[in-house]
Amino acid sequence: LFRSWTGQQYTARCYTDIIPLLGTEELADGRLPYLEPCEGTQPQCDEYPVVTMYAMRVAAWIDDGLAGFFLVNVAFLAIAALGVVVLLHRSVGDRALYVAAAPTLMAYAYMNWDLLAVVAATAASVLALRRRDGWAGILFGIGVAAKLYPGLLLAAFLLERRRERDARGAGRLAAGAAGSWLALNLPFADRKSTRL
């Protein structure tokens, strides 16, 4: 599997985005996403949001071989999955085991970097349910900087705060999310805008 990436992965039920993106994002060459252009045949690289791209970058710094890069990412994603289960267990008890034992978690955990956004969104949701809106907003912003979907959960919590006439809570959620998202994205804004 790791020695060659020949196309068999598309038919043998073993596909993952992790292995091919080491090469297409030119991470084995030490390239800094958004700050340095891709030099090879893939001029439109940096296809993922900042947090996801730099999780890839850190993994490639640790090991830039195909197998090592994959295994480092598996470790990151396994920690994220464990974090989701622990957060849910603290909130709903043993029902969190349904997530831990879900076949979909085992099938898709290492296909992409989605678990980075899932752990951030889970932590943010737990905090929002506990009315810790500032911290929840910060984590929602981090989640959106990993993948877009945590923004949908943020919108739901903002609508709930509006329904409850809790302008202060809504403001904290929105400010925390905007602040953390901007803090993570602004260092790369100039590079991103020239790519569009």
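Here is a short report on the structure shown in this document. Predicted model only: the values in this text are computed from it and were never measured.

### Some details on the overall build of the protein chain
Helix and strand content of the protein chain: 10 helices and zero strands. Written out in order from the N terminus, the α and β elements of the protein chain read α-α-α-α-α-α-α-α-α-α. Residues classed as buried in the protein chain amount to 39% of the 196 residues present. On the protein chain, roughly 10900 Å² of surface is accessible, and the fraction owed to carbon and sulfur atoms is 64%.

### As for the packing of helix α6 (residues 114-129) against helix α8 (residues 150-163)
Where α6 contacts α8, the axes come no closer than 10 Å and their chain directions differ by 10°. One finds that α6 runs roughly parallel with respect to α8. Of the residues in α8, those in contact with Ala-117, Ala-121, Ser-125, Ala-128 and Leu-129 of α6 are Pro-150, Leu-153, Phe-157 and Arg-161.

### A short note on the state of the cysteines
Any covalent bond linking the sulfur atoms of two cysteines counts as a disulfide. Applying the stated criterion across every chain yields a total of one disulfide. What pairs with Cys-38 in a disulfide is Cys-45, and their sulfur atoms sit 1.9 Å apart. Judged by the sign of its S-S torsion, about 120°, the bond between Cys-38 and Cys-45 is right-handed. The exposure classification of Cys-38 matches that of Cys-45, with both residues buried.

### Re the side chain of Glu-25
Turning to its location among the elements, Glu-25 is positioned in the loop between α1 (18-24) and α2 (50-62). Within the structure, the side chain of Glu-25 is placed 2.7 Å from the backbone nitrogen of Asp-46, a separation counted as a polar contact. Those residues within four positions of Glu-25 in sequence are excluded, and the remaining contacts are Arg-31, Cys-38, Cys-45, Asp-46, Glu-47 and Met-53.

### Digging into helix α7 (residues 133-144)
Spacing of three or four residues puts side chains on the same side of an α-helix, whose turn is 3.6 residues. With 12 residues, α7 should cover 16 Å at 1.5 Å per step; its first-to-last C-alpha distance of 16 Å lies within 8% of that length. Asp-133, Ala-136, Gly-137, Phe-140, Gly-141, Gly-143 and Val-144 are the residues of α7 that are buried. Taken end-on, α7 shows its buried residues confined to a sector of 160°, consistent with a single buried face. Looking at the packing, one finds that the buried side of α7 touches α6, α8 and α9 (167-185).

### Section: the packing of aromatic side chains
Counted under the stated rule, the structure contains four aromatic pairs. Their ring planes at 50° and their centres at 5.8 Å tell us that Tyr-34 and Phe-188 sit as a pair that is tilted. Separated by 154 residues along the polypeptide, Tyr-34 in the loop between α1 and α2 and Phe-188 in the loop between α9 and α10 (189-195) bring together distant segments of the chain. The class for Phe-188 is buried, based on a relative accessible area of 11%. Consider the rings of Tyr-48 and Trp-113, whose centres lie 5.7 Å apart with planes at 70°: the pair is edge-to-face. Pair noted here: Tyr-48 is in the loop between α1 and α2 and Trp-113 is in the loop between α5 (103-108) and α6, with a separation of 65 residues, a long-range link. Judged by relative accessible area, Tyr-48 falls into the buried class, the value being 9%.

### Quick notes on the pattern of salt bridges
Tallying each qualifying case throughout the model produces eight salt bridges. As a salt-bridge pair, Glu-25 and Arg-31 come within 3.3 Å of each other at their nearest N and O atoms. The buried category is assigned to Glu-25, whose relative accessible area is 1%. Given the relative accessible area of 4%, Arg-31 is considered buried. Each member of the salt-bridge network shares a partner with another, and the members are Arg-131, Arg-163, Glu-164 and Asp-166.

Cut-offs applied
Residues numbered from 1 in each chain as written. Predicted model: local features only at pLDDT ≥ 70, side-chain atom pairs only at ≥ 80, totals over all residues. Heavy atoms only, no water. Helix = DSSP H or I, 4+ residues; strand = E, 2+ residues; numbered from the N terminus. Buried < 20%, exposed > 50% of the residue type's maximum accessible area, 1.4 Å probe, protein only. Areas by Shrake-Rupley, 256 points an atom, 1.4 Å probe, with all protein chains shown as cover. Axes fitted to C-alpha atoms, helices over the stretch in contact; angles between N-to-C directions. Parallel < 35°, antiparallel > 145°, perpendicular 65-115°, else oblique. Contact = heavy atoms within 4.5 Å. Disulfide = S-S within 2.5 Å. Polar contact = N/O pair within 3.5 Å; in protein donor to acceptor, adjacent residues only side chain to side chain. Expected span 1.5 Å × (residues − 1). Arc of directions from axis to C-beta. Phe/Tyr/Trp six-rings, centres within 6.5 Å; stacked < 30°, edge-to-face > 60°. Salt bridge = Lys/Arg side-chain N within 4 Å of Asp/Glu carboxyl O.

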